[in-house]
Amino acid sequence: KSVGIVTTTRVQHATPATSYAHSASRKWYSDADMPEAAKKDGCTDIASQMLKNTDIDVIIGGGRKYMTPRGTKDPEYPADFSSRGKRKDGRNLIDEWQKMKIGKVARYVWNQTDFSAVDPETTDYLMGEFVV
Ligand SMILES: *[C@@H]1O[C@H](CO)[C@@H](O)[C@H](O)[C@H]1NC(C)=O
């Protein structure tokens, strides 16, 4: 079976996240949104669980700022501070996701042009992260 999650919200939002995450709080989008005590107790953020728990073939939605290290400029809105990367742990989950898919074609897109150019016949995994 294949898993596809497509949403107009951020992909880490509570409703799409029910497909792949376990979290004590719906607000734990990235590690930066979590209390230190929860991290100490071994809880992990929703964005990082997207890579681990479920083998997701297609995931499309918003929320790319939760995927990149704190301060990472957004490719589409480089001057917008609120769109910059949020992660305190320095992880780039987009890069990690692509590297995990060894021997497979894993495409990451963040704009309409690249999204429209995706060939489903030759793509094994697709992540589309659009700002929300
Ligand atoms: C879409 O994303 C690709 C990959 O980052 C980039 O090379 C291209 O310039 C972008 N296109 C637009 C219209 O932003």
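Here the structure is a predicted model, which is why all the values come from computation and not from measurement.

**Q** Looking at this structure, I do not really get the site of the ligand. What am I missing?
**A** Contacts to the ligand come from W110, N111, T113 and D114. Separating an oxygen atom of the ligand from a side-chain N or O atom of D114 is a distance of 3.3 Å. Look at the ligand: alone it shows 360 Å² of surface, and the protein chains cover 40% of it. Here the shell around the ligand is built from residues that sort into 1 nonpolar, 2 polar and 1 charged.

**Q** Just checking my understanding: could you explain the sheet that holds strand β1 (residues 4-10) for this structure?
**A** The strand order across the open sheet formed by 4 strands is β1-β2-β4-β3, and the pairing between neighbours is parallel. Pairing within the sheet leaves two strands with one partner each, and these edge strands are β1 and β3 (106-109). Mean inter-strand twist for the sheet, computed between neighbouring axes without regard to direction, equals 5 degrees. Set on the sheet, helix α4 (residues 93-100) makes contact with β3 and β4 (125-130); between it and β3 the angle comes to about 160 degrees.

**Q** Sorry if this is basic, but what is going on with the pairing of strand β2 (residues 58-62) here?
**A** A regular strand places its side chains on the two faces of the sheet in alternate fashion. In terms of burial, β2 is a largely internal element, 4 of the 5 residues being buried. In this structure, β1 lies alongside β2, joined through 4 bridges in parallel fashion. Bridge pairing in β2 places V6 opposite I60. As paired strands, β2 and β4 are joined by 5 bridges and run parallel to one another.

Cut-offs and rules
- Residues numbered from 1 in each chain as written.
- Predicted model: local features only at pLDDT ≥ 70, side-chain atom pairs only at ≥ 80, totals over all residues.
- Heavy atoms only, no water.
- Near = heavy atom within 4 Å.
- Polar contact = N/O pair within 3.5 Å; in protein donor to acceptor, adjacent residues only side chain to side chain.
- Areas by Shrake-Rupley, 256 points an atom, 1.4 Å probe, with all protein chains shown as cover.
- Nonpolar A, V, L, I, M, F, W, Y, C, P; charged D, E, K, R; others polar.
- Pairing = 2+ DSSP bridges.
- Helix = DSSP H or I, 4+ residues; strand = E, 2+ residues; numbered from the N terminus.
- Axes fitted to C-alpha atoms, helices over the stretch in contact; angles between N-to-C directions.
- Contact = heavy atoms within 4.5 Å.
- Buried < 20%, exposed > 50% of the residue type's maximum accessible area, 1.4 Å probe, protein only.

Remember, this is a structural readout, not a statement about activity or role.
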